[in-house]
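As a plain string of letters, each chain reads:
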Amino acid sequence: MIEWDPRLYKWEQIANTVAERIKDGTYPPLSLISEVKLQEEFDVARVTVRKAMEALREQGLITTKPGKGSIVSPSDEVND
């Protein structure tokens with residue numbers, strides 16, 4: 001269970017955690033990231049997870065296709 005930092009929004013902290021997992025290889029390129037699993041892991045509302053995923057998309061770390069889900073961008077597309 002994560003210890004929330006009151007100075008940041010929960011979605012920011014989730015986005016930061018997932019970004020670290022992408023960078024350290026926990027979530028390798030082209031792997032599917034489940035919003036439902038993140039929702040359960042962090043015990044937050046689905047809208048909070050979706051806001052985190054939106055931030056990750058803006059950073060170029062993931063891509064989302066309707067009906068397919070969100071996948072980690074190939075390593076040559078990730079913005080460092």
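Residues numbered from 1 in each chain as written. Predicted model: local features only at pLDDT ≥ 70, side-chain atom pairs only at ≥ 80, totals over all residues. Heavy atoms only, no water.

## Topic: the overall build of the protein chain
Helix and strand counts for the protein chain come out as three helices and three strands. Going from the N terminus to the C terminus, the protein chain shows its helices and strands as α-β-α-α-β-β. On C-alpha atoms alone, the protein chain measures out to a radius of gyration of 12 Å, which is about the 12 Å that the 2.2 N^0.38 rule sets for 80 residues. Seen through its C-alpha atoms, the protein chain measures out along the principal axes to roughly 35 × 30 × 20 Å. Taking contacts inside the protein chain between residues at least 6 apart in sequence as the whole, the part at least 24 apart equals 46%. Averaging the coordinates of the 11 positive side-chain charges in the protein chain and doing the same for the 14 negative ones gives two points 6 Å apart. (Helix = DSSP H or I, 4+ residues; strand = E, 2+ residues; numbered from the N terminus. Rg over C-alpha atoms; globule rule 2.2 N^0.38 Å. Contact = heavy atoms within 4.5 Å. Lys, Arg positive; Asp, Glu negative; His and termini not counted. Charge placed at Lys NZ, Arg CZ, Asp CG, Glu CD.)

## A word on the packing of aromatic side chains
Per the counting criterion, the structure on display carries two aromatic pairs. With centroids separated by 6.2 Å and ring planes inclined at 50°, the aromatic side chains of W4 and F42 adopt a geometry described as tilted. Taken as a pair, W4 in the segment before helix 1 (10-23) and F42 in helix 2 (residues 35-42) lie far apart in primary sequence, 38 residues in all. Residue W4 is classed as partly exposed on the basis of its relative accessible area, which comes to 26%. (Phe/Tyr/Trp six-rings, centres within 6.5 Å; stacked < 30°, edge-to-face > 60°. Buried < 20%, exposed > 50% of the residue type's maximum accessible area, 1.4 Å probe, protein only.)

## Some words on the sheet that holds strand 2 (residues 62-65)
Spatial ordering of the open sheet is given by 1-3-2, a layout of three strands whose pairing is antiparallel. Every other strand in the sheet has two partners, leaving strand 1 (32-33) and strand 2 as the edge strands with one partner each. Bridging between strand 2 and strand 3 (residues 69-72) involves four bridges; their strand directions are antiparallel. Its bridge partner lying in strand 3, K65 is registered against G69. Across the sheet, helix 3 (residues 46-58) is in contact with strand 1, strand 2 and strand 3; its angle to strand 2 comes to roughly 115°. (Pairing = 2+ DSSP bridges. Axes fitted to C-alpha atoms, helices over the stretch in contact; angles between N-to-C directions.)

## Considering the pattern of salt bridges
Inspection of every chain in the model, using the stated rule, returns four salt bridges. Where R21 meets E41, a salt bridge forms, and the shortest distance between an N and an O atom there is 2.5 Å. In this pair, R21 sits in helix 1 while E41 sits in helix 2, placing the two residues 20 residues apart along the sequence. Residue class for E41 comes out partly exposed when judged on its relative accessible area of 36%. Between R50 and E35 there is a salt bridge, with the nearest N and O atoms lying 3.0 Å from each other. (Salt bridge = Lys/Arg side-chain N within 4 Å of Asp/Glu carboxyl O.)

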